[in-house]
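# Per-entry structural report
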Amino acid sequence: MKNRITPSFTVGEIGHYPLSQLILMRGFEFLVSDQWHRDERTAKPKKEFTSAELFAGAGGLALGLERAGFKHVFLNEIDKSACQTLRHNRPHWNIIEGDVSFQDFSQFQGEVDLLSGGFPCQAFSYAGKKMGFEDVRGTLFFEFARAVRDIQPKVLLAENVKGLRAHDKGRTLKTIMNVISELGYFLVEPEILKAIFYRVPQKRERLILVALRKDIWKD
């Protein structure tokens, strides 16, 4: 097999691989190379910024934002077990458990700098039915849009599977972009980012959407 590697020694049933072999593997080379600049990794905010998150899951994205210096105003998640995990790991976080469709977000208007969320992506995945907005799961994007309208954050951050960009010949993403614009936000050109480029040992590719509120955006 091409680029095959074998353990240099074994402890129990677990093989251990020497770096000299691993570095020859393309994926591992990306992981250890310094493609994420040091100044980006060590940058500190000049003030305390606030954030809120929808579809929070067990907190992967929220933990990253916490490390970046954001203080979470709230996190919303419907899954009971995920909420238990969030409360166990971060007792001080404000976890709003329940269906996003029944939440009143207007109470947080003016309190949130960044609203983030990975709205459920099964409807847009290459592995799914590719029905997009015809799939009930796809309409959860509009709950994200409702939260944006009610909260009026300065910045939006959303992530989804890379298949969203090509779904329905690009029309699904175009619809999302139009909604973001109608809400009063300028969308930065969407990009597909690979987790392994940011020192995360996962072969994970995600479409990242970042938008800035137009009244504070300057060319």
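Scroll up to find the structure.
Regarding its fold elements, the protein presents eight helices and ten strands. For the protein, the residues scored as buried account for 35% of the 219 residues in total. If you take every contact in the protein between residues at least 6 apart in sequence, the share linking residues at least 24 apart comes to 61%. Carbon together with sulfur atoms contributes 53% to the accessible area of the protein, which is approximately 13700 Å² in total.

A few words on a nonpolar patch on the surface. Together, Phe186, Val188 and Trp217 make up a nonpolar patch on the protein surface, roughly 240 Å² of accessible area in all. Inspection of the secondary structure puts Trp217 in the segment after strand 10 (205–213). Looking at Trp217, the relative accessible area reads 33%, which means it is partly exposed.

Taken as a whole, this structure holds seven aromatic pairs when the rule is applied. The structure contains a cluster of three or more aromatic residues connected by ring pairs, namely Phe119, Phe141, Phe142 and Phe144. The side chain of Arg90 reaches across the aromatic face of Trp93, ending 5.7 Å from its centre.

What follows is about the environment of Gln103. Position of Gln103 relative to the elements: it lies in the loop between strand 5 (95–97) and strand 6 (114–117). Here the side chain of Gln103 touches Asp99 through a polar contact of 3.0 Å, landing on its backbone oxygen.

When you tally the buried positions in strand 3 (residues 49–54), you get five out of six residues, the bulk of the element. Sheet topology places strand 3 next to strand 4 (residues 70–77); five bridges connect them, and they run parallel. Opposite Ser51, over in strand 4, you have His72 as the bridge partner. Between strand 3 and its parallel partner strand 4, the chain crosses via helix 4 (residues 60–67), and the hand of that crossover is right-handed. Across four bridges, strand 3 lies against strand 6 in parallel orientation. Counted as the bridge partner of Ala52 is Leu115 from strand 6.

Its identity is not glycine, yet Phe55 carries a phi of approximately 55°, on the positive side. Relative to the assigned elements, Phe55 resides in the loop between strand 3 and helix 4. A positive phi angle, near 55°, is found at Gln152, a position not held by glycine. Note that Gln152 resides in the loop between helix 6 (140–151) and strand 7 (155–161).

Membership of the largest hydrophobic core comes to 30 residues, with the highest contact counts inside it found for Leu54, Phe74, Leu115, Phe144, Ile151 and Ile180. Counting only elements with at least two residues in this core, the list comes to strand 3, strand 4, helix 6, strand 7, helix 8 (171–182), strand 8 (185–187) and strand 10. The leading source of residues in this core is helix 6, at six residues. Residue contacts for Ile151: discarding those within four places in its chain leaves Phe74, Phe105, Phe108, Gln109, Gly110, Val112 and Leu115. Listed in part, the seven residues of the second largest apolar core include Ala56, Ala62, Leu75 and Trp93.

Glancing now at the pattern of salt bridges. What the rule picks out here adds up to ten salt bridges. Arg146 is paired through a salt bridge with Glu143; the nearest N and O atoms lie 2.9 Å apart. On the criterion of helical spacing, the pair formed by Arg146 and Glu143 is a turn pair, its members being three residues apart in helix 6. An identical accessibility class is assigned to Arg146 and Glu143; each is buried.

On to the side chain of His72, then. With respect to the secondary-structure elements, His72 resides in strand 4. In contact with His72, other than residues within four places in its own chain, are Ser51, Ala62, Leu65, Glu66 and Trp93.

Let's shift gears to the packing of helix 6 against helix 8. In a pair of packed helices, the angle between the axes and the distance between the axes together describe the arrangement. For the pair helix 6 and helix 8, the least separation of the axes is 10 Å and the interaxial angle reads 15°. Accordingly, the angle class assigned to the pair helix 6 and helix 8 is roughly parallel. Here helix 6 and helix 8 pass one another in a crossing that is right-handed. For the pair formed by helix 6 and helix 8, the contact residues are Phe141, Phe142 and Ala145 on the first element and Ile176, Val179 and Ile180 on the second. Grouping the constituent residues of the contact of helix 6 with helix 8 by class yields six nonpolar, no polar and no charged.

About the thresholds
- Residues numbered from 1 in each chain as written.
- Predicted model: local features only at pLDDT ≥ 70, side-chain atom pairs only at ≥ 80, totals over all residues.
- Heavy atoms only, no water.
- Helix = DSSP H or I, 4+ residues; strand = E, 2+ residues; numbered from the N terminus.
- Buried < 20%, exposed > 50% of the residue type's maximum accessible area, 1.4 Å probe, protein only.
- Contact = heavy atoms within 4.5 Å.
- Areas by Shrake-Rupley, 256 points an atom, 1.4 Å probe, with all protein chains shown as cover.
- Patch = residues over 30% accessible without salt bridge, like charges linked within 9 Å, V, L, I, M, F, W, Y side chains within 5 Å.
- Salt bridge = Lys/Arg side-chain N within 4 Å of Asp/Glu carboxyl O.
- Phe/Tyr/Trp six-rings, centres within 6.5 Å; stacked < 30°, edge-to-face > 60°.
- Lys NZ or Arg CZ within 6 Å of the ring centre and 35° of its normal.
- Polar contact = N/O pair within 3.5 Å; in protein donor to acceptor, adjacent residues only side chain to side chain.
- Pairing = 2+ DSSP bridges.
- Right-handed = clockwise from strand over helix to strand, strands pointing away.
- Core = buried A, V, L, I, M, F, W, Y, C linked by side-chain atoms within 4.5 Å.
- Axes fitted to C-alpha atoms, helices over the stretch in contact; angles between N-to-C directions.
- Parallel < 35°, antiparallel > 145°, perpendicular 65-115°, else oblique.
- Left-handed = near helix turned anticlockwise from the far one by under 90°.
- Nonpolar A, V, L, I, M, F, W, Y, C, P; charged D, E, K, R; others polar.

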